[in-house]
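Architecture at a glance
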Amino acid sequence: MSINVAIDNDVLDNAKFVASKIDETYLRKRAYALGIAANATAKYLNANGLKTLSNHSLYRSAVFAKEVEIADIYANNARFDVRVTFNDTTFTVPKLHIKYDIKPQAYIVVKFDSTLKDINFLGFIPTEDLTFDKNGDEYYTYPLEILRPIEDFISYAQKLDITPYKYSETDHENIKELCLSFLDEEASEADKIYFIKHVATCPVCRETFCDMNDFDDIVSQLKNYHELLNDSTLSVLSGNKKE
């Protein structure tokens with residue numbers, strides 16, 4: 001049985017904020033849809049007794065949203081991903097999740113109504129229950145009928161017993177050094193694969209990256225508020241004044 005919930009305006013606004021930073025139309029629409037889905041899902045789960053962590057979710061970064069089709073939410077030391085379907089028979093999982101080795105503990109599948117006023121929670125599926133073939137498409141496609149009832153998700157998540165993998169200090173330092181090149185979209189493909197996998201699975205470095213992304217957002221917005229730029233420090237940070 002699916003569950004239908006109204007989408008709040010703040011959910012739409014948060015998704016618009018990220019999507020508005022993406023120039024390419026398709027990627028902008030994708031980021032918008034996934035942002036709505038992740039935000040609305042986190043609110044639904046919190047309201048029903050499962051505490052989720054989304055302040056450091058990677059979909060909140062426009063650069064990450066462009067590189068990887070992700071709608072990550074976290075609960076009970078586990079990462080879940082929200083998938084949006086636009087039909088009544090199937091849902092998809094991007095093959096990029098395999099390339100970057102970022103398969104979540106489970107996928108939650110949702111569908112919007114045409115007006116974006118409501119979200120329909122269709123169900124969930126543990127990733128271990130999925131098979132990943134090797135066809136040439138960009139997505140794996142599965143029938144909706146394999147989904148478990150969304151009503152069972154909270155008890156499923158609460159019963160998980162996951163110990164986060166502990167990375168070395170060297171790994172953390174490497175990721176710190178890569179954060180800026182990733183945000184500036186200058187990382188090599190090999191560095192991107194290493195960076196994305198690590199950040200998706202390491203809460204310490206995910207927080208570091210998200211803090212840097214938030215700071216980058218603030219600095220970029222300063223360019224639109226010239227009255228603030230009389231402060232020499234803010235001017236330097238925003239790139240409007242030389243040191």
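These lines cover the structure that appears in this document, whether it is placed above or below. For clarity, every value in this text was computed on a predicted model and none was experimentally measured.

Rules used in this analysis
- Residues numbered from 1 in each chain as written.
- Predicted model: local features only at pLDDT ≥ 70, side-chain atom pairs only at ≥ 80, totals over all residues.
- Heavy atoms only, no water.
- Helix = DSSP H or I, 4+ residues; strand = E, 2+ residues; numbered from the N terminus.
- Expected span 1.5 Å × (residues − 1).
- Bend = angle between axes of the 7 residues up to and from the residue.
- Buried < 20%, exposed > 50% of the residue type's maximum accessible area, 1.4 Å probe, protein only.
- Core = buried A, V, L, I, M, F, W, Y, C linked by side-chain atoms within 4.5 Å.
- Contact = heavy atoms within 4.5 Å.

1. Looking at helix H6 (residues 169-183)
Residues three or four positions apart in an α-helix share a direction because the helix packs 3.6 residues into each turn. Given a rise of 1.5 Å per residue, 15 residues ought to cover 21 Å, and the 21 Å separating the end C-alpha atoms of H6 matches this to within 8%. Within H6, the axis deviates most sharply at Glu-177, by approximately 30°. Within H6, the full set of buried residues consists of His-172, Ile-175, Leu-178, Cys-179, Ser-181, Phe-182 and Leu-183. Just beyond H6, the residue with positive phi is Glu-185, at close to 60°.

2. Details of the environment of His-56
Along the chain, His-56 falls in the loop between helix H2 (25-47) and helix H3 (62-67). Its relative accessible area of 26% is what places His-56 among the partly exposed residues. Distance in space between the C-alpha atoms of His-56 and Pro-203 is 8.3 Å, their sequence separation being 147 residues.

3. Quick word on the nonpolar core
By size, the foremost hydrophobic cluster in this structure holds 57 residues, and its most contacted members are Leu-58, Phe-64, Phe-80, Phe-153, Phe-195 and Phe-209. Top element by residues in this core is H2. It accounts for 9 residues. With sequence-adjacent residues up to four places away left out, Phe-153 is seen in contact with Leu-45, Leu-50, Phe-80, Ile-108 and Phe-124. If you look at the next biggest cluster of nonpolar residues, it comprises 11 residues, including Phe-91, Val-93, Tyr-107 and Tyr-142.

These figures capture arrangement, not role.
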